[in-house]
There are 2 protein chains.
Amino acid sequence: MRIIRPPKTMAAWSQRLHREGVTIGFVPTMGALHDGHRALIRAARLQCDALVVSIFVNPTQFAPTEDLAKYPRPIAKDRALCRAEGVDVCFEPGVTAMYPEGFDTVVTVPGIARRWEGESRPHHFAGVATVVTKLFGMVRPDIAVFGQKDFQQAALVQRVIDDLSLGVKLIVYPTVREQDGLAMSSRNVYLSATERALAPILNKSLQAGAAAIKDGATAGRKIHAVMTQVLRREPAAAVDYLAVCDPDTLTPLESVRDRAILLGAIRIGHVRLIDNVVVRRPAKRERR
Amino acid sequence: MRIIRPPKTMAAWSQRLHREGVTIGFVPTMGALHDGHRALIRAARLQCDALVVSIFVNPTQFAPTEDLAKYPRPIAKDRALCRAEGVDVCFEPGVTAMYPEGFDTVVTVPGIARRWEGESRPHHFAGVATVVTKLFGMVRPDIAVFGQKDFQQAALVQRVIDDLSLGVKLIVYPTVREQDGLAMSSRNVYLSATERALAPILNKSLQAGAAAIKDGATAGRKIHAVMTQVLRREPAAAVDYLAVCDPDTLTPLESVRDRAILLGAIRIGHVRLIDNVVVRRPAKRERR
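Cut-offs used in this document
Residues numbered from 1 in each chain as written. Chains lettered and ligands numbered in written order. Predicted model: local features only at pLDDT ≥ 70, side-chain atom pairs only at ≥ 80, totals over all residues. Heavy atoms only, no water. UniProt positions renumbered as here; feature names shortened; annotations may be inferred. Helix = DSSP H or I, 4+ residues; strand = E, 2+ residues; numbered from the N terminus. Contact = heavy atoms within 4.5 Å. Pairing = 2+ DSSP bridges. Axes fitted to C-alpha atoms, helices over the stretch in contact; angles between N-to-C directions. Domains from an automatic or database assignment. Buried area = accessible area lost by both parts, 1.4 Å probe. Salt bridge = Lys/Arg side-chain N within 4 Å of Asp/Glu carboxyl O. Polar contact = N/O pair within 3.5 Å; in protein donor to acceptor, adjacent residues only side chain to side chain. Nonpolar A, V, L, I, M, F, W, Y, C, P; charged D, E, K, R; others polar. Disulfide = S-S within 2.5 Å. Buried < 20%, exposed > 50% of the residue type's maximum accessible area, 1.4 Å probe, protein only. Expected span 1.5 Å × (residues − 1). Arc of directions from axis to C-beta. Least-squares fit on C-alpha atoms with pLDDT ≥ 70 in both.

Going by what an unreviewed UniProt entry lists, chain A is known as Pantothenate synthetase and is assigned to Nitrospira lenta. Per its UniProt entry, chain A bears the Subunit (unreviewed entry) comment "Homodimer." For chain A, the Catalytic activity (unreviewed entry) comment in UniProt is given as "(R)-pantoate + beta-alanine + ATP = (R)-pantothenate + AMP + diphosphate + H(+)".

Overview of the environment of alanine 144 of chain B
Residue and element names in this part refer to chain B. By the secondary structure assignment, alanine 144 is in strand β6 (residues 143-147). It is 8.6 Å that separates the C-alpha atoms of alanine 144 and valine 172, two residues lying 28 residues apart in sequence. Look past the residues within four positions of alanine 144 in its chain and what remains in contact with it is Phe26, Phe136, Val168, Lys169, Leu170 and Ile171.

Here we look at the sheet that holds strand β8 (residues 237-245) of chain A
Residues and elements named next belong to chain A. One open sheet accounts for three strands, arranged β8-β9-β10; its pairing is antiparallel. Each end of this open sheet is capped by a strand with a single partner; those strands are β8 and β10 (271-280). Taken pair by pair, the neighbouring strands of this sheet meet at an average axis angle of 15°, ignoring direction. Pairing of strand β9 (residues 259-268) with β10 involves 10 bridges; the strand directions are antiparallel. Its bridge partner being in β10, arginine 259 is matched across the sheet by arginine 280. Packing against the sheet, helix α10 (residues 201-214) makes contact with β8, β9 and β10, and its axis sits at approximately 20° to β10. On top of the sheet, helix α11 (residues 220-232) reaches β8 and β9; it is set at about 155° to β8, its chief contact.

Some points on the domain arrangement of chain A
Residue and element names in this part refer to chain A. When cut into domains, chain A gives domain 1 (2-173) and domain 2 (186-276). For domain 1 versus domain 2, the distance between C-alpha centres works out to 26 Å. Each partner contributes to the interface: domain 1 provides 21 residues, whereas domain 2 provides 18 residues. Interface of domain 1 and domain 2: buried area, both sides summed, is about 1,700 Å²; carbon and sulfur atoms make up 54% of it. Interface area lost by domain 1 to domain 2 is led by Trp116, Glu117 and Phe151, which between them contribute 37%. Counting across the interface, domain 1 meets domain 2 through two salt bridges. A salt bridge links aspartate 67 to arginine 187, with the nearest nitrogen and oxygen atoms 3.1 Å apart.

Focus: the interface of chain A and chain B
Facing 31 residues of chain A, the contacting portion of chain B comprises 31 residues. Interface area for chain A against chain B, summed over the two sides, is near 2,400 Å², with a carbon-plus-sulfur share of 43%. Inspection of the region where chain A meets chain B yields 20 residue pairs in polar contact (both at pLDDT 80 or more). Broken down by secondary-structure element, the contributors of at least two residues to the side of chain A that touches chain B are α1 (7-19), β5 (106-108), α5 (110-113), α7 (124-139) and α8 (151-163) of chain A. Class assignment for the residues of the side of chain A that touches chain B results in 10 nonpolar, 12 polar and nine charged. With three bridges connecting them, β5 of chain A and strand β5 (residues 106-108) of chain B associate as antiparallel partners.

Observations regarding the state of the cysteines
Scanning the model with the defined rule gives zero disulfides over all chains in all. Cysteine cysteine 90 of chain A is unpaired, with the sulfur of cysteine 82 of chain A as its nearest cysteine sulfur at 4.5 Å. A disulfide-free cysteine, cysteine 48 of chain B has its sulfur positioned 13 Å from the sulfur of cysteine 82 of chain B, the nearest such atom.

Looking at the UniProt feature "binding site: (R)-pantoate" (unreviewed entry) in chain A
Residue and element names in this part refer to chain A. Those places that UniProt annotates as "binding site: (R)-pantoate" (unreviewed entry) correspond, in this numbering, to Gln61 and Gln153. Maximum C-alpha separation among the annotated residues is 11.5 Å over a sequence range of 93 residues, consistent with a single clustered spot. Residue placement: glutamine 61 occurs in the loop between β3 (50-55) and α3 (75-84). When residues no more than four places from it in sequence are discounted, the contact partners of glutamine 61 are Met30, Glu66, Arg121, His124, Gly127, Val128 and Val131. By secondary structure assignment, the location of glutamine 153 is in helix α8. Not counting chain neighbours up to four residues away, the residues in contact with glutamine 153 comprise Phe125, Val128 and Phe146.

So, the pattern of salt bridges
Residue and element names in this part refer to chain B. In the structure shown here, the tally under the stated rule is 32 salt bridges over all chains. With a shortest N-O distance of 2.8 Å, glutamate 85 and arginine 38 are connected by a salt bridge. Taken together, the residues span a long stretch of sequence, with glutamate 85 in the loop between α3 (75-84) and β4 (89-91) and arginine 38 in helix α2 (residues 35-45) at a distance of 47 residues. The salt bridge involving arginine 177 is made with aspartate 275; its shortest N-O contact spans 2.8 Å.

Structural notes on the UniProt feature "binding site: beta-alanine" (unreviewed entry) in chain A
Mapped onto this structure's residue numbering, the UniProt feature "binding site: beta-alanine" (unreviewed entry) falls at Gln61 of chain A. By relative accessible area, which is 10% here, glutamine 61 of chain A ends up buried.

Regarding helix α11 (residues 220-232) of chain B
Note that an α-helix has 3.6 residues per turn; residues three or four places apart therefore point the same way. Residues and elements named next belong to chain B. The terminal C-alpha atoms of α11, which comprises 13 residues, lie 18 Å apart, in line with the 18 Å expected from a rise of 1.5 Å per residue. Buried residues of α11: Gly220, Ile223, Met227, Thr228, Val230 and Leu231, and no others. For α11, the angular spread of the buried residues around the axis is 160°, confining them to a single face. In this structure, α11 carries Arg221, Lys222, Gln229 and Arg232 as exposed residues pointing more than 90 degrees from its buried face. Of the surrounding secondary structure, the elements contacted by the buried residues of α11 are α10 (201-214), β8 (237-245) and β9 (259-268).

What about the relation of the copies chain A and chain B?
Least-squares fitting of chain A to chain B yields an RMSD of 0.0 Å, with the transformation described by 0.0 Å of translation along the axis and a rotation of 180°. The two molecules are tied by a two-fold rotation axis, judged by turn and shift. The residues that chain A uses at the interface reappear at the interface of chain B in 100% of cases, marking a shared surface.

If you want it as structure tokens, here you go:
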């Protein structure tokens, strides 16, 4: 496995491979890799000739109050995981190489970015859209794999790919979970033992919403109430939002037809957790 | 010469050529091609294997009050010029193909976009930055040629290329002028004979500023006064702005050292004209 730091070296590597007809797969990460990332890397590995994983803790998607400085950076362990999974290039650009003096361009997707995660984190998605566009510019992937855990992020990236004609095929890989249903996240390490024990309540809440839909509930308000009720069982978990949305536009649904995405974010102590569940309702004929 | 309309066909053409090691040159235009465009096309023709000219009157860079509907669209004449200059592909995407339902991404460069042209045209440069990024995504050029007449636009595009690592080499081609110094522009056709006769006053004003610098003037305020005085000779020409700026950042200079850009915009009747002159001051030793 090759470790590349300068963006220009990365771009030259990709250009050379494209000229040889090699397809490039890409998994952008902020490091602190866990089994969720491993699943993305394996999914990408199956769909391309050469595989790039980037490790870049992007400062522009953190707010000043957030955990940029203490975000985990276990680089040796991350490289070992990449090596074990057959990654060809581990791309580790530096912050000043990514954002040199005078950097001034912003990519935004106002329609998707203003809701949910964007409400609590106003500049987050502009940071994500900009860095992903730039990483795509350097890596020039044919396919890129993102995790479904960050569903809104994946929807945003798909929008940017389509709108700016970036020519990347996006694959959204299902969320990988701990045995008790907690979605894997690099931030889970911040949880104390007590907090960790109650963290699955978010997924339980979303699953209850999904079950209500499968049992025939259609009113967004009612499904929301079901999810809220489950979360109330754990007063230590503060709800940031719970929502029943259209999976494409992420706008709230008054009434669920065939598909919905249930989104949730909670705070436990200082840790913020997000999760989501996609629900497909069987067509009417099948339900009878 | 091939005429391509669907963006996907354009992207597929470019990808195939890149795989063959062919270099692609690109001149994005809004059509209504004149000798200024011809010069850009010839400059591009010399620096690439295959040459694409796009013709797309981009609605998002016009304000509602501006001349989108009546912008000249002499497509047959434009194609003939492209054919005569050895263009390989004339890319003519439709508005709904470029901006389908749900389009939501914006590329902005706030530092460069807020001044000068951006002041009178607040959304103009976001429209330019977004469409150029998208056109680059579809055409995937190795080099792109822009005219110096739109100096601020070229500075903005260079910023986007650098910031988003788009991998395009930008060539800024000197402004082509009529015999009397008027910068060529598709909007010159809107001028009445009387207006046309006085239009060169903008360039005369900028040339007077450049001459003052060459004669030793350094104070931005003094050079500005020289330019303003020339323009006052034509009361029919309303000054939008005149400025003495740093060529890289486009910020006003209190004192000119070795390089400056003199920028100007005026209105004559309903027509808005812009122009600029780059000044390099000889080093002190040479001046003696």
